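# Coordinates in review
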Amino acid sequence: MNGSRITAIGHYQPARVLTNEDLAGMVDTSDEWIRSRVGIRTRHLAGPDEPVDELAAHAAAKALAAAGLAPADIDLVLVATSTAIDRSPNTAARVAARLGIPRPAAMDVNVVCAGFTHALATADHTVRAGAATRALVIGADKMSDVTDWTDRSTCVLVGDGAGAAVVEACAAGQEPGIGPVLWGSVPEMGNAVRIEGTPPRFAQEGQSVYRWATTQLPAIARHACERAGVAPEELAGVVLHQANLRIIEPLAEKLGAVNAVIARDVTESGNTSAASIPLALSKLVEQGALMGGDPVLLFGFGGNLSYAGQVVRCP
């Protein structure tokens, strides 16, 4: 195979918006405190009757429509999520059932905040191997289900949502639109970001994550660009995991992508874990801030202290 490319993208967020002022009525916090520390103004929250697979299916349906494809055209569904309550059927199978996709390979990928970029690389590798021709790659998380809403250190961070991409095999002679992935992890520091317990709860060691992200990740992100043969200054866009504005901005500055649009969707959406990268990318494409063929670095990092990044061409 000649490789693969993203041919369409879509996103979905629940209707309910929770502001910083709303949170100030729930815990000891304030709009100024939240903005100054993480840069978030609002976040979207799903209701009790909106499971993760429903969020994922909405985003996937939009991507399918944008690609002009029918559900039967898809032969692989990958969903990056760490917040699905049920173990089986997995989220990918439930999304396929919601959309009416017949007989797909359907798998969940749990790499938390780096899940989407891991899933995108997996789809690319699968297409290159000839085991699939068209894939739906979805990042979807309902962080509100795993959050302690009395803990001001974590509840101010999170939001719910989903983003999806259609990945298709390149035609003969067509340049690949998904570059080589650079991925890895720091397992001995994996406890720095956790979703564990019964019921499961999100917790993190914020300072450890901040130091790791701002000191170790810029060089790794540059290496991802090198693998794609694209210099940072040639990037039209940089879409990092939308964790915290105080992480996104210094990481982007150290990367050296001086001509790129930097995604800052965290200010409106909060940290949506695996959904954050496709959600932010879809919005930039929808707004016309990125155009078809533009080179964009996608770089996920966080839970497990895992990371994965690749340069893609915008649909």
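Residues numbered from 1 in each chain as written. Predicted model: local features only at pLDDT ≥ 70, side-chain atom pairs only at ≥ 80, totals over all residues. Heavy atoms only, no water.

## Quick word on the state of the cysteines
Our working definition: Only a pair of cysteine sulfur atoms within 2.5 Å counts as a disulfide in this structure description.
Counted by the stated rule, this structure contains 0 disulfides. Between Cys155, a cysteine without a disulfide, and Cys113, which holds the nearest cysteine sulfur, the sulfur-to-sulfur distance is 17 Å. Cys225 takes part in no disulfide bond, and the closest cysteine sulfur to it belongs to Cys314, at a distance of 14 Å.

## As for the sheet that holds strand S6 (residues 134-142)
To keep it simple, the criterion reads: Strands are treated as partners if at least two bridges between them are detected by DSSP. Strands here mean DSSP runs of E at least two residues long; helices mean DSSP runs of H or I at least four residues long; both are numbered from the N terminus. Axis definition: a line fitted to C-alpha atoms, over the contacting stretch in the case of helices. Angles run 0 to 180 degrees between N-to-C directions.
Pairing within the open sheet is mixed, and its 5 strands lie in the order S1-S7-S6-S4-S5. A strand with exactly one partner marks an edge of an open sheet, and here the two such strands are strand S1 (4-12) and strand S5 (105-109). The sheet shows a mean angle of 15° between the axes of neighbouring strands, direction not considered. The pairing of strand S4 (residues 76-80) with S6 spans 5 bridges and is parallel. Bridging from a neighbouring strand, Val79 pairs with Ile138 of S6.

## Quick notes on the packing of aromatic side chains
What counts here: Here a Phe, Tyr or Trp ring, Trp counted by its six-membered ring, pairs with any other such ring whose centre lies within 6.5 Å, and the pair is stacked when the planes are under 30 degrees apart, edge-to-face when over 60, and tilted otherwise. Each residue gets one of three labels from its accessible area relative to the maximum for its type: buried under 20%, exposed over 50%, partly exposed in between, using a 1.4 Å probe on protein chains only. Cation placement over rings: the criterion is NZ of Lys or CZ of Arg within 6 Å of the ring centroid and within 35° of the ring normal.
Inspection of every chain in the model, using the stated rule, returns 1 aromatic pair. Taken together, a centroid distance of 6.2 Å and an interplanar angle of 40° make the contact between Phe299 and Phe301 tilted. Phe301 sits in the buried class, given a relative accessible area of 2%. Between the NZ or CZ atom of Arg152 and the centre of the ring of Trp33, over which it lies, the distance is 4.6 Å. Above the plane of the ring of Tyr210 lies Arg246, whose end atom (NZ or CZ) is 5.3 Å from the centre.

## Observations regarding the side chain of Gln13
Quick note on the threshold: Between N or O atoms, a polar contact is any pair within 3.5 Å; within protein, one atom must be a potential hydrogen donor and the other a potential acceptor, and residues adjacent in sequence are included only when both atoms are from side chains.
Topologically, Gln13 is positioned in the loop between S1 and strand S2 (16-19). On the accessibility criterion, Gln13 (15% relative accessible area) is buried. A polar atom in the side chain of Gln13 sits 2.8 Å from the side chain of Ser269. Within the structure, the side chain of Gln13 is placed 2.9 Å from the side chain of Lys283, a separation counted as a polar contact.

## A short note on the packing of helix H8 (residues 217-228) against helix H9 (residues 245-255)
Counted only if it meets this: The scheme is simple: roughly parallel for angles under 35 degrees, roughly antiparallel for over 145, roughly perpendicular for 65 to 115, oblique for anything else. The handedness criterion is simple: a crossing whose near helix is rotated anticlockwise from the far helix by less than a right angle is left-handed, and one whose near helix is rotated clockwise is right-handed. Contacts: residue pairs with any heavy atoms within 4.5 Å of one another. Residue polarity is assigned by list, with Asp, Glu, Lys and Arg as charged and Ala, Val, Leu, Ile, Met, Phe, Trp, Tyr, Cys and Pro as nonpolar; anything else, Gly included, falls into the polar class.
Their axes nearest at 9 Å, the elements H8 and H9 cross at an angle of 50°. Between H8 and H9, the angle falls in the class oblique. In this structure, H8 meets H9 at a crossing whose hand is right-handed. Mapping the contact onto sequence places Leu217, Pro218, Ala221, Arg222 and Cys225 in H8 and Leu251, Lys254 and Leu255 in H9. Residues belonging to the contact of H8 with H9 are distributed by class as follows: 6 nonpolar, no polar and 2 charged.

## A closer look at unusual backbone geometry
For the bond running from Ser88 to Pro89, omega is 0°, close enough to zero to count as cis. Its place among the elements puts Pro89 in the loop between S4 and helix H4 (91-99). The omega angle of the peptide bond from Thr198 to Pro199 is 0°, so this bond is cis rather than trans. Tracing the chain through its elements places Pro199 in the loop between strand S9 (193-196) and strand S10 (201-204). Located in the positive-phi region is Arg103, a residue other than glycine, with phi close to 60°. Along the chain, Arg103 falls in the loop between H4 and S5. A positive phi angle, close to 50°, is found at Val112, a residue other than glycine.

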